[in-house]
Amino acid sequence: MYANNFEAGAGPWTRTGLGFWNLTVGGSTVYSQSSVAGDARASIGVPADDQIVCVRARLDTFATLTGTQERWFGLMARHVDDQNFYFLSLRSSNTVSLRKIVDGTVTTLASAPFPVLPATWYQLRFDAVGNTLRAYVNGALLLETTDGTLTRGNSGPAMFKAATDFDDFASYQP
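Computed from a predicted structure; not experimentally measured. (Residues numbered from 1 in each chain as written. Predicted model: local features only at pLDDT ≥ 70, side-chain atom pairs only at ≥ 80, totals over all residues. Heavy atoms only, no water.)

## Quick notes on unusual backbone geometry
In plain terms, the rule: Secondary structure elements follow DSSP: runs of H or I no shorter than four residues count as helices, runs of E no shorter than two count as strands, and numbering proceeds from the N terminus.
Of note, the phi angle at aspartate 103 is positive, near 50 degrees, even though the residue is not glycine. By the secondary structure assignment, aspartate 103 is in the loop between strand S9 (95–102) and strand S10 (105–113).

## Section: the packing of aromatic side chains
Let me state the cut-off plainly: To pair, rings of Phe, Tyr and Trp, with the six-membered ring standing in for Trp, must have centres within 6.5 Å; the planes then decide the type, stacked if under 30 degrees apart, edge-to-face if over 60, and tilted in the middle. Here, a charge over a ring is recorded when the distance from Lys NZ or Arg CZ to the ring centre is within 6 Å and its angle to the ring normal is within 35 degrees.
The tally for this structure, following the rule as stated, stands at 13 aromatic pairs. Every member of this aromatic cluster is reached through a ring pair, and the members are Tyr2, Phe6, Trp13, Trp21, Tyr31, Phe166 and Phe169. Between the NZ or CZ atom of arginine 56 and the centre of the ring of tryptophan 121, over which it lies, the distance is 4.1 Å. The side chain of arginine 125 reaches across the aromatic face of tyrosine 136, ending 4.6 Å from its centre.

## Let's talk about the sheet that holds strand S14 (residues 153–160)
Short version of the rule: In this description, strands pair whenever DSSP reports at least two bridges between them. Only the stretch in contact is used when fitting a helix axis, every axis being a line fitted to C-alpha atoms; angles between N-to-C directions are given from 0 to 180 degrees.
As summarised here, the arrangement of the seven strands in space is S2-S5-S14-S7-S8-S9-S10, forming an open sheet in which the pairing is antiparallel. Each edge of the open sheet carries a strand with a single partner, namely strand S2 (14–17) and S10. Across the sheet, the axes of successive neighbouring strands diverge by a mean angle of 20 degrees, strand direction being ignored. Bridge count for strand S7 (residues 72–81) against S14 is six bridges, and the pairing is antiparallel. Residue pairing for S14: glycine 74 is matched across the bridge by alanine 158.

Set out below in structure tokens:
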């Protein structure tokens, strides 16, 4: 449905939240979100039902902990709007999690321990096929669950209080 390695530019992303998005040139060009102020999302592509979303992601830094809010970065699938989507997240609590936001309410669908380190590239893959949701990190299936609440939407990177670099984004229908 959409693929971008960011070498030729960012593309027509719809960005929401408090993110500050730029292309950053290093070994390759990456799509960087450098704000740790709050939510940041970038969505793209045509709305679809079944989708597989992949990206390489590297945490630059989490915001300084204040209170009990977990900080995280990851991928969205079936993104309808900022109040309705599924997401795979790598979290400051050293967990990987599959969650959904429906009408603004967050529900954890599955989670597992997983070490999350700054300056480390992670290959993330999020499958939303039928009612089955699967989370892969670095090629390993880490989480699988079922949920049929959200049936269609677009995809993209998302984070909360995490400055993160993204590269080699792809979203396709299986």
